[in-house]
Amino acid sequence: MILKNPEKFMGYLFEVAWILPSIAIPVAVITAVVLTAFAVGLRVPDVAGRIEPKAIAVTEPFDEPGLRELAPGKYQAAMIAQVFLFTPNEIEVPAGSEVTFMLTSRDVIHGFKIVGTSVNMMVVPGQISKLTVRFDRPGEYLIVCHEYCGSGHHVMSGKVIVR
Amino acid sequence: MAVIARPRAAARADVADRFATENRVAGLNILVAFLALGLGGLMGVLQVLQYNSIDLYKPIKAILPGGYYQGLTLHGVLNVLVFTTFYIIGFLTFVTARSFDRPLVNPGLAWFTFYFMTAGLLIAAVPILLNQATVMFTFYPPLKASGFFYLGLTIVVVGTYFLLANQVLTLRAWRRDNPGAKIPLAAFMSIVTMTMWVIATFGIAVEMLVLLLPWAFGLAPGTDPLLARTLFWFTGHPIVYFWLLPAYISWYTIVPKLAGGKLFSEPMARVSFLLFLVLSVPIGLHHQYTDPGISQIWKLVHFIFTVGVFFPSLLTFFNVVASLEHAGRSRGGKGWLAWIFALPWNEPAFVTQVFAMMLFAFGGASGVINASYNLNLVVHNTAWISGHFHLTVGSAVALTFMGLTYWLLPYLSGRTLWSRGLGLAQAWLWIIGMILFSHFMHMLGLAGMPRRTMIGSAPYVLPAWEGLLPFTMVGGLLMFASALCFLVNMLMTLTTGKRVEPGPVTFARALSGPEDVPLFLDRLTPWVLSAIVLVAINYGPTLYFLATTGRFNIPGLSPW
Ligand code: HEM
Ligand SMILES: [Cu+2]
Ligand SMILES: [Cu+2]
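Anyway, here's the lowdown on the structure attached to this text. Sequence order as written defines the numbering, with residues in each chain counted from 1. The lettering of chains begins at A and the numbering of ligands begins at 1, in the order of writing. A pLDDT threshold of at least 70 governs which residues receive local features in this predicted model, and a stricter bar of 80 or more applies before side-chain atom pairs are shown or counted, although totals over entire chains, interfaces and linings include all residues. Heavy atoms throughout the structure, all of them, feed into the side-chain values; hydrogens and water do not.

1. Brief notes about the pattern of salt bridges
One side-chain nitrogen of Lys or Arg within 4 Å of one carboxyl oxygen of Asp or Glu is enough to make a salt bridge. With the rule as written, the count across this model stands at 17 salt bridges over all chains. Across the salt bridge formed by B:D224 and A:R50, the nearest N and O atoms sit 3.0 Å from each other. In this pair, B:D224 sits in the loop between α7 (202-216) and α8 (225-236) while A:R50 sits in the loop between α1 (6-40) and β1 (66-71), so the two residues belong to two different chains. By relative accessible area, which is 2% here, B:D224 ends up buried. Working definition: with a 1.4 Å probe on protein chains only, accessible area under 20% of the residue-type maximum means buried, over 50% means exposed, and in between means partly exposed. Accessibility expressed as a relative area gives 22% for A:R50, which makes it partly exposed. With its nearest N and O atoms 2.7 Å apart, the salt bridge here joins B:R229 to B:D291. Taken together, the positions of B:R229 in helix α8 and B:D291 in the loop between α11 (266-279) and α12 (296-308) put the pair 62 residues apart, joining distant regions of the chain. Taking the relative accessible area as the measure of exposure, B:D291 reaches 0% and is therefore buried. Within this structure, B:R175, B:E266, B:R270 and B:D522 form a network of salt bridges that share partners. Here a helix means four or more residues in a row that DSSP labels H or I, a strand means two or more in a row labelled E, and each is numbered from the N terminus.

2. Notes on a nonpolar patch on the surface
The residues that make up patches have over 30% relative accessible area and no salt bridge, and they are joined within 9 Å when like-charged or within 5 Å when they are Val, Leu, Ile, Met, Phe, Trp or Tyr. Areas reported here follow the Shrake-Rupley algorithm with a probe of radius 1.4 Å; residue values treat only the protein chains shown as occluding. On the surface, a nonpolar cluster with roughly 380 Å² of combined accessible area is contributed by A:F9, A:M10, A:L13 and A:F14. Checked against the element boundaries, A:M10 lands in helix α1.

3. Side note on the interface of chain B and chain A
We call two residues contacting when some pair of their heavy atoms lies within 4.5 Å. On the chain A side, the residues contacting the 72 residues of chain B number 60 residues. The buried area of a pairing is the accessible area, by a 1.4 Å probe, that goes missing from both parts when the two are put together, added over both. Approximately 5500 Å² of surface area, both sides summed, lies buried where chain B meets chain A, with 67% of it carried by carbon and sulfur atoms. When the buried surface of chain B facing chain A is broken down by residue, B:P292, B:Q296 and B:L377 rank first, second and third, together holding 12% of it. In this structure, the connection of chain B to chain A is made through 3 salt bridges. Two residues, A:E52 and B:R551, come together in a salt bridge whose shortest N-O distance is 3.2 Å. Here a polar contact is recorded for every N or O atom pair within 3.5 Å, except that within protein the pair must consist of a potential hydrogen donor and a potential acceptor, and residues adjacent in sequence are included only if both atoms are side-chain atoms. Inspection of the chain B/chain A interface yields 22 residue pairs in polar contact (both at pLDDT 80 or more). Where the side of chain B that touches chain A is concerned, the elements lending two or more residues are α8, β1 (263-265), α12, α13 (310-330), α15 (376-379), β2 (510-512) and α20 (525-549) of chain B. Charged means Asp, Glu, Lys or Arg here, nonpolar means Ala, Val, Leu, Ile, Met, Phe, Trp, Tyr, Cys or Pro, and polar covers whatever is left, Gly included. Broken down by class, the residue content of the side of chain B that touches chain A amounts to 44 nonpolar, 19 polar and 9 charged.

4. A few points about the coordination of the copper ion (ligand 2)
Residues and elements named next belong to chain A. Donor atoms from the polypeptide that coordinate the copper ion (ligand 2) comprise H110 (ND1), C145 (SG), C149 (SG) and M156 (SD), at 2.1 to 2.5 Å from the metal. Its 4 donor atoms give the copper ion (ligand 2) angles of 90 to 124° at the centre, a pattern that matches the tetrahedral case. Counted as donors are the N, O and S atoms within 2.8 Å of the metal, or 3.2 Å for Na, K and Ca, while water is not among the atoms, so some sites may look incomplete. The motif formed by the donor residues of the copper ion (ligand 2), counted along the single chain, is H-x34-C-x3-C-x6-M. Taken together, the residues H110 in strand β6 (residues 110-114) and C149 in the loop between β9 (139-144) and β10 (157-162) connect sequence positions 39 residues apart. Each label reflects the angles at the metal, where four donors whose angles all fall between 85 and 135 degrees are tetrahedral, four or six donors whose opposite pairs open beyond 155 degrees and whose other angles stay between 65 and 115 are square planar or octahedral respectively, and the rest are irregular.

5. What to know about the coordination of the iron atom of ligand 1
All names here are of chain B. Coordination of the iron atom of ligand 1 by the protein involves H75 (NE2) and H390 (NE2), with metal-donor separations of 1.9 to 2.0 Å. Taken together, the 6 donor atoms coordinating the iron atom of ligand 1 span angles of 85 to 179° at the metal, a pattern that classifies the geometry as octahedral. Here the residue H75 occupies a position in helix α3 (residues 67-100), and H390 occupies one in helix α16 (residues 383-413), the gap between them amounting to 315 residues. We note that H75, like H390, is buried.

6. What to know about the nonpolar core
Soluble globular proteins tend to pack their nonpolar side chains together in the buried interior. We define the nonpolar core as a collection of buried residues of types Ala, Val, Leu, Ile, Met, Phe, Trp, Tyr and Cys that are connected through side-chain atoms lying within 4.5 Å of one another. With 217 residues, the main nonpolar core has A:F101 and A:F112 as its most contacted residues. The greatest single-element share of this core, amounting to 20 residues, is contributed by α3(B).

7. Considerations on helix α6 (residues 185-200) of chain B
Multiply 1.5 Å by the residue count of a helix minus one, and that product is the helix's expected span. In a regular helix each residue adds 1.5 Å, so 16 residues correspond to 22 Å; α6(B) covers 22 Å between its end C-alpha atoms and thus fits that length. Extensive coverage of α6(B) is indicated by the burial of 15 of its 16 residues.

8. A closer look at the site of ligand 1
All names here are of chain B. A single heavy atom is enough: if one lies within 4 Å of a molecule or strand, its residue is considered near that molecule or strand. Taken together, 26 residues are adjacent to ligand 1, and Y68, H75, H390, R451 and R452 come closest. Within the side chain of H390, one N or O atom sits 2.8 Å away from a nitrogen atom of ligand 1. T453 has a polar backbone atom sitting 3.1 Å from an oxygen atom of ligand 1. Listing elements by their share of the shell around ligand 1, those giving two or more residues are α2 (20-51), α3, α16, α17 (420-446) and α19 (469-496). In terms of residue class, the shell around ligand 1 is made up of 14 nonpolar, 10 polar and 2 charged.

9. Some remarks on the packing of aromatic side chains
Residues and elements named next belong to chain B. Two rings from Phe, Tyr or Trp (for Trp, the six-membered ring) form a pair when their centres sit within 6.5 Å of each other. Planes less than 30 degrees apart are called stacked, planes more than 60 degrees apart edge-to-face, and all others tilted. One pass over the full model with this rule turns up 48 aromatic pairs over all chains. Ring centres 6.1 Å apart and planes at 80° place the aromatic pair F139 and Y150 in the edge-to-face group. Here the residue F139 occupies a position in the loop between α4 (107-129) and α5 (147-177), and Y150 occupies one in helix α5, the gap between them amounting to 11 residues. For Y150, a relative accessible area of 0% gives the class buried. Here F234 and Y539 contribute two aromatic rings whose centre-to-centre distance is 4.8 Å and whose plane-to-plane angle is 45°, an arrangement assigned as tilted.

10. Observations regarding the packing of α8(B) against helix α9 (residues 238-253) of chain B
Residue and element names in this part refer to chain B. Taken N-terminus to C-terminus, the directions of α8 and α9 make an angle of 20°; their axes are 5 Å apart at the nearest point. Judged by the inter-axis angle, α8 sits roughly parallel to α9. Residues W233, F234, T235 and G236 of α8 form the contact with α9, whose own contacting residues are P238, I239 and V240. Residues of the contact of α8 with α9, tallied by class, amount to 5 nonpolar, 2 polar and no charged. For helices, the fitted line uses only the C-alpha atoms of the stretch in contact; every axis is such a line through C-alpha atoms, and the angle between N-to-C directions lies from 0 to 180 degrees. Any angle that falls under 35 degrees is termed roughly parallel, while one over 145 is termed roughly antiparallel, one within 65 to 115 roughly perpendicular, and all others oblique.

11. Side note on the sheet that holds β9(A)
Residues and elements named next belong to chain A. Across the sheet, which stays open at both edges, the 5 strands sit in the order β4-β10-β9-β6-β7 with mixed pairing between neighbours. Bordering the open sheet on either side are β4 (90-93) and β7 (120-123), each of which pairs with just one other strand. When strand polarity is set aside, the average angle formed by the axes of neighbouring strands in this sheet is 20°. In terms of strand pairing, β6 meets β7 through 4 bridges, oriented antiparallel. Residue G111 lies in a different strand from β7, and its bridge partner there is M122. At least two DSSP bridges between two strands are needed for those strands to be called paired.

12. Some details on the pairing of β10(A)
Residues and elements named next belong to chain A. Along β10, 5 of the 6 residues are buried, which leaves the element largely enclosed by surrounding structure. Bridge count for β4 against β10 is 4 bridges, and the pairing is parallel. Pairing of E92 across the sheet is with I161, part of β10. Sheet topology places β9 next to β10; 6 bridges connect them, and they run antiparallel. Within the sheet, the bridge partner assigned to G139 lies in β10 and is V162.

13. Remarks on the pairing of strand β5 (residues 97-105) of chain A
All names here are of chain A. Of all 9 residues that make up β5, 8 are buried, and the element is covered over most of its length. Where strand β2 (residues 74-82) lies against β5, 8 bridges are found, and the strand directions are parallel. Bridge assignment links Q76 to a residue of β5, and that residue is T100. In terms of strand pairing, β5 meets strand β8 (residues 129-135) through 7 bridges, oriented antiparallel. Paired with E98 across the strands is R134, a residue of β8.

Keep in mind these numbers describe shape, not what the thing actually does.
This is the structure in structure tokens:
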């Protein structure tokens, strides 16, 4: 029946010719991303535990916010976000160090992005946000709060200084 | 029935009268929509000016005490909650009736839908205008707005359910009168769109009723921000398909007709809509790749399903382009690409919508980056995202709706478009302005500029941003000029446009039409059930984990 109608037949051929790339493109994207996630290890934040916002002052590691050397060249930076500042808002590490950022919020949701790196996460009250990054190039890296958190949101920032 | 032969004019007036309710309900919804877009667009201009340190918020402090952030809340709420929702409900009311070629079974319900949603809109508008709900259109708790803001939005959402009810009742009546016939394509698509939307609203319904309303009205001491966020995005991703699918309805069933051709394939169009029904909801975690407290594994699963949605999107792209090619060739166009020039480039309703498609192609490309799990870390919450969604909802949807209105005007107002030239100018201004604006927003995002931020007053502006910001202003002003052209054209049409007797609405016929549609592409129930099962699998574990480990005691703050 289809073959009797050449125009329709061509139509079906076109459909098939398009359906194949419509499947191939998504499959290629998935493969590329899964490879970078597992082979290169470029991951997004995972579950890193909850915290009671009222008890931040007595909960590790936020009881003593700041930088801690865990092993040679490996650091942990514990930071607290609140309207409209990060505590501490400046961190200094030697070039080549691997830093694990641990954040939580005292009040509302904030954002945490270190410009020029792959550190980008939301900071949610009641939750601990955690990401690790290596700083190879010396310089000053801007930290911005990138989630609206109130009338002073645009002043909420900080920096990482890599020597 | 009277058997007296009636003069033709009277018979035509009868056709118009048959759809009087739908015409008026659609017209009023669309009027509200464009009032919202006008005010929302104005706020957009203030934003791009502020980016460049031209601060117009100070002179209007008495009207807009919350300045940039209150303006941005208005911009988001008016453009993507009010404009879209009212336009869609109006347009789908119209399309459903015309496609079935019978009025909705319950005209009272159609009016009630409009009044109910409008009441919700007014209730939510008061706190926003009083600067008591400066929480953006995403209202992430524990930012705490006036309870009336949440109440009003809830009422608007519930209002949309009444359209689906009316559609389903109309479908039943139509099936009784047309046993064995396939549902007309445009009506089918309208019902699929509303069905997808109602499933999608489960998230926001639970967020509002269980978490936010009791908390905002003082009945609960606090809330759990992460659970609320997750419920928000449960609805927040599929809402983009709620915006987009009505534009697709136009691209599939109206644009080919405007172009002078036929839809390439109706079965393929139905496949893509049914896949959107199944796949739109269970992928919302792609908005939360950077959130703490949600497992990487489920983020990855949602990523994979998100990429699955490329499939129906690419089918749509092919089907629509093939239809345009058919039209171009029918009009005598030749060659591999030269047929493009044979299309009706002097028809505003056509040009706007084709420009919307072109801008959407760019938006789709940047969307692939956003969706891609770890690549999202580069762009999340930067100006890139803003660049992206001005191409999608801000162009694919908003520009299509403007063009569609040019086409709808004779039916809704009995008048033709006042100035076709102004309509064409509007289309060109939008595409030029938007290409500039969105390109430079994407660049600013790559350079690390945060979104939702009063950049003109930020102490940390990087030199790399300074050279890019002025172009966002030029683009933004051109877009606003386009919106003004549109509004002036509407106003002039409604007051002085030439009166016409609109004929019946005819949708594009298909090269491969209903005769090629297998029965399973004319049924909804199996697809709805698959959607629900998939949503339960993809969201169940995460929601269960968040609900059982949540601390529902975060008190919240209104720091503005
Ligand atoms: C009239 C021209 C327009 C201009 C100049 C404009 C400008 C802007 C700018 C500069 C931002 C970013 C603000 C920031 O992140 O701090 C923004 C955000 C936004 N725009 Fe537009 N826009 C326009 C039209 C539209 C349209 C037509 C839509 C959709 C229908 C739209 C939807 C949005 C949304 C949803 C946001 C995000 C709001 C938020 O972050 O809460 N805009 N706009
Ligand atoms: Cu902040
Ligand atoms: Cu999404």
